[in-house]
Every structure is written in C-alpha cells, then in structure tokens.
Amino acid sequence: GENVEQHPSTLSVQEGDSAVIKCTYSDSASNYFPWYKQELGKRPQLIIDIRSNVGEKKDQRIAVTLNKTAKHFSLHITETQPEDSAVYFCAASINQAGTALIFGKGTTLSVSS
Amino acid sequence: DAGITQSPRYKITETGRQVTLMCHQTWSHSYMFWYRQDLGHGLRLIYYSAAADITDKGEVPDGYVVSRSKTENFPLTLESATRSQTSVYFCASRTSGTSYEQYFGPGTRLTVT
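Asks: Explain the pairing of strand 6 (residues 56-59) of chain A to me, using residue names and the numbers behind them.
Replies: Residue and element names in this part refer to chain A. Pairing of strand 6 with strand 7 (residues 62-67), which is carried by four bridges, proceeds in the antiparallel orientation. The partner of K57 across the bridge, within strand 7, is V64. Counting the residues in the hairpin turn of strand 6 and strand 7 gives two residues, including Q60, whose phi is positive at 55°.

As structure tokens, this is what we get:
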C-alpha cells in the first residue's frame, strides 16, 4: 500500500523567509497530492493540491512541485508570516481514482517575527 | 464548514465499553472517511466509504466498525474500547466529482480510561 514520508518534522523560520517541506510517496499509481494546514485545535484544511499530470502549481505565496519520476513533492511558502505557523500535512491518493488519502506525519512550522 | 458535524465533541469512556462516534454531512457527498490523529503519527485512515452500503478498510481498521446505511451519516464504533484508542477522531467527506478535496469535521476527542 501507499506510504508517505514527510520531512522535516519541525521547521522554524524568521518572518519573511521561505519555508520548504518535502514528501515522498511509494505507490506509482498515486495521482493526487494535496497539502493541508492545521492550526492548533482546529480541523485540517486544504491549502493547495496538485495532480500527477502537472509539475508545479502556485497560489499567491504557496507553491507545490511534483517530481513523478523520483516520487516526491514539495510545498514552498515564500515571505512567511506569523499566521503561517501551523502543522502542515502532505498526502497522496491510494489509487488513480483519488478514492482515499494517506497522510504524512506532519511538519510543525513556526514563524517568528 | 457547518456542513459536516461530529458528535460528541468530547467523550470519556472506560476500557471495554462500546462507544459510537457520529458523523453527519449535509452536502450529499458520496465519499466519507474516518481518521485518527495522534501526536507523532499524523492523520491515519481508519475506514472510508464510497457510497451508502460500501465501506473499505484504511491503514488502521482493527478494533473499529463502521456502517453507512444513509449517504449523510457515517458512524464509527469502537466495540470494546482500549486505552490505545485514545485519540482525536476526524470525519471527512468529498464529492464523487473531479474535485478530490476532503472537508473535515471539527473532530471528537476520545479518552479511554
């Protein structure tokens, strides 16, 4: 079955710096890769996602890149702000239909001002 | 977000007791999911359902039972609760269309003593 590994587990940056979180997946059939943000005590919420037929997607300060050959994808946050502080989870679909997701263990991002 | 609800929000139960966590969504989403969230493990998929009367095991199904007699409800039952099942449980749902985004409920914090 699918296995998703996420690094680093914690990341501390200064406000205005960039942050990068990396994930690898094992199943070549996976074709959907979302990123969720979870603030303390809240539910996870989707911030960006990418399909396997796309190499990069950007939404304002957030971007995701996908390397299908190497089976890894990354989240890039530029010009970080204190409100970006949260836990970020990557995930990969278990099959080509995107039926269900397997999540990484999460990265705790701390942005200090 | 008000479209997917979970009850109870907090529950304390004793080892060996049966407990049922409820999930209800008003969007008529085909897919529904149950996750547990534990420190250091991220979000782990317990069970999922593609439609009424169709359920599948996820990563950690042992000790849990699900049913889905109606599209809008997806209850999760712990038949004989154990301390290792102390966790935060999230329900999620998504459409059967081209968007694979999962919408999470507010979560249920379960403590087994």
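Asks: Give a description of the packing of aromatic side chains that names residues and reports values.
Replies: One pair of aromatic rings is described through two measures. These are the centre distance and the angle between the planes. In this structure the tally under the stated criterion is 17 aromatic pairs over all chains. Where F33 of chain A meets F73 of chain A, the ring centres are 5.0 Å apart and the plane angle is 50°; that geometry is what we call tilted. With F33 of chain A in strand 4 (residues 32-38) and F73 of chain A in strand 8 (residues 72-77), this residue pair connects regions lying 40 residues apart in the sequence. The buried category is assigned to F33 of chain A, whose relative accessible area is 0%. Ring pairs connect the aromatic residues Y36, F89 and F103 of chain A together with Y31, F33, Y35, Y48, F90 and F104 of chain B, which therefore count as one cluster.

Asks: Describe the environment of F74 of chain B, naming the residues involved and giving the relevant values.
Replies: Note that F74 of chain B resides in the loop between strand 7 (64-66) and strand 8 (76-78). We classify F74 of chain B as buried; its relative accessible area is 0%.

Asks: Hey, could you go over the nonpolar core for me, with residue numbers and the actual values?
Replies: All names here are of chain A. In this structure, W35, F73, L75 and L109 are the most contacted members of the largest nonpolar core, which totals 24 residues. At the level of secondary structure, the elements contributing two or more residues to this core comprise strand 2 (10-14), strand 3 (19-25), strand 4, strand 5 (45-51), strand 7, strand 8, strand 9 (86-93) and strand 11 (107-112). Excluding its chain neighbours within four sequence positions, the residues that come into contact with F73 are I21, K22, C23, Y25, F33, P34, W35, T65, L66, C90 and A91.

Asks: Report on the state of the cysteines, specifying residues and quantitative values.
Replies: All names here are of chain A. Scanning the entire structure with this criterion turns up two disulfides over all chains. Paired through a disulfide, C23 and C90 show a sulfur-sulfur distance of 1.9 Å. When the S-S torsion is -100°, as for the bridge of C23 with C90, the disulfide is left-handed. Of this pair, C23 sits in strand 3 while C90 sits in strand 9, and the two are 67 residues apart along the sequence.

Asks: Please set out the sheet that holds strand 1 (residues 4-7) of chain A residue by residue, giving values where relevant.
Replies: All names here are of chain A. Strand order in the open sheet formed by five strands is 1-3-8-7-6, and the pairing between neighbours is antiparallel. The open sheet has two edge strands, strand 1 and strand 6, and neither has a second partner. Here the strands of the sheet are splayed against their neighbours by 15° on average, with no regard to which way each runs. Of the pairings in the sheet, the one linking strand 1 to strand 3 comprises four bridges and is antiparallel in character. Considered in strand 3, the bridge of H7 is made with K22.

Asks: I'd like a description of the interface of chain B and chain A, backed by residues and values.
Replies: By convention, interface size is frequently given as the accessible area that disappears when the constituent parts associate. Tallying the contact residues gives 23 residues for chain B and 22 residues for chain A. Of the roughly 1900 Å² buried at the junction of chain B and chain A (both faces included), carbon and sulfur atoms supply 54%. Contact with chain A buries area across many residues of chain B, yet L43, Y100 and F104 of chain B alone supply 32% of it, more than any other trio. Linking chain B with chain A are zero salt bridges. For the pair chain B and chain A, the interface holds four residue pairs in polar contact (both at pLDDT 80 or more). Taken together, the elements giving at least two residues each to the side of chain B that touches chain A come down to strand 4 (31-38), strand 5 (42-51) and strand 9 (87-94) of chain B.

Here is what the cut-offs are and how they apply
- Throughout, residues of each chain are indexed from 1 in the direction in which the sequence is written.
- Both sets of labels track the order of writing: A upward for chains, 1 upward for ligands.
- In keeping with the model being predicted, local features are shown solely for residues with a pLDDT of at least 70 and side-chain atom pairs are shown and tallied solely at 80 or more, while totals for entire chains, interfaces and linings include all residues.
- Only hydrogens and water are set aside when side-chain values are computed; all heavy atoms of the structure are taken into account.
- Two strands form a pair only when DSSP identifies at least two bridges running between them.
- The numbering of helices and of strands both runs from the N terminus, where a helix is a DSSP run of H or I of at least 4 residues and a strand a run of E of at least 2.
- For Phe, Tyr and Trp, where Trp contributes only its six-membered ring, two rings pair if their centres lie within 6.5 Å, and the inter-plane angle classes them as stacked under 30 degrees, edge-to-face over 60, or tilted in between.
- Throughout, exposure labels follow a simple rule: accessible area from a 1.4 Å probe, protein chains only, divided by the maximum for the residue type, with under 20% read as buried, over 50% as exposed, and the rest as partly exposed.
- We call a set of buried Ala, Val, Leu, Ile, Met, Phe, Trp, Tyr and Cys residues a nonpolar core when their side-chain atoms join them within 4.5 Å.
- In this description, contact between two residues means that some pair of their heavy atoms is separated by no more than 4.5 Å.
- Only a pair of cysteine sulfur atoms within 2.5 Å qualifies as a disulfide here.
- Fitting a line to C-alpha atoms yields each axis, with helices limited to the stretch in contact; the angle taken between N-to-C directions then spans 0 to 180 degrees.
- Here the buried area means the combined drop in accessible surface, using a 1.4 Å probe, for two parts upon being joined, counting both sides.
- Only one rule defines a salt bridge in this text: a Lys or Arg side-chain nitrogen within 4 Å of an Asp or Glu carboxyl oxygen.
- Within 3.5 Å is the distance limit for a polar contact, defined as a pair of N or O atoms, with the added protein rule that one can donate a hydrogen and the other accept it, and that residues adjacent in sequence qualify only through two side-chain atoms.

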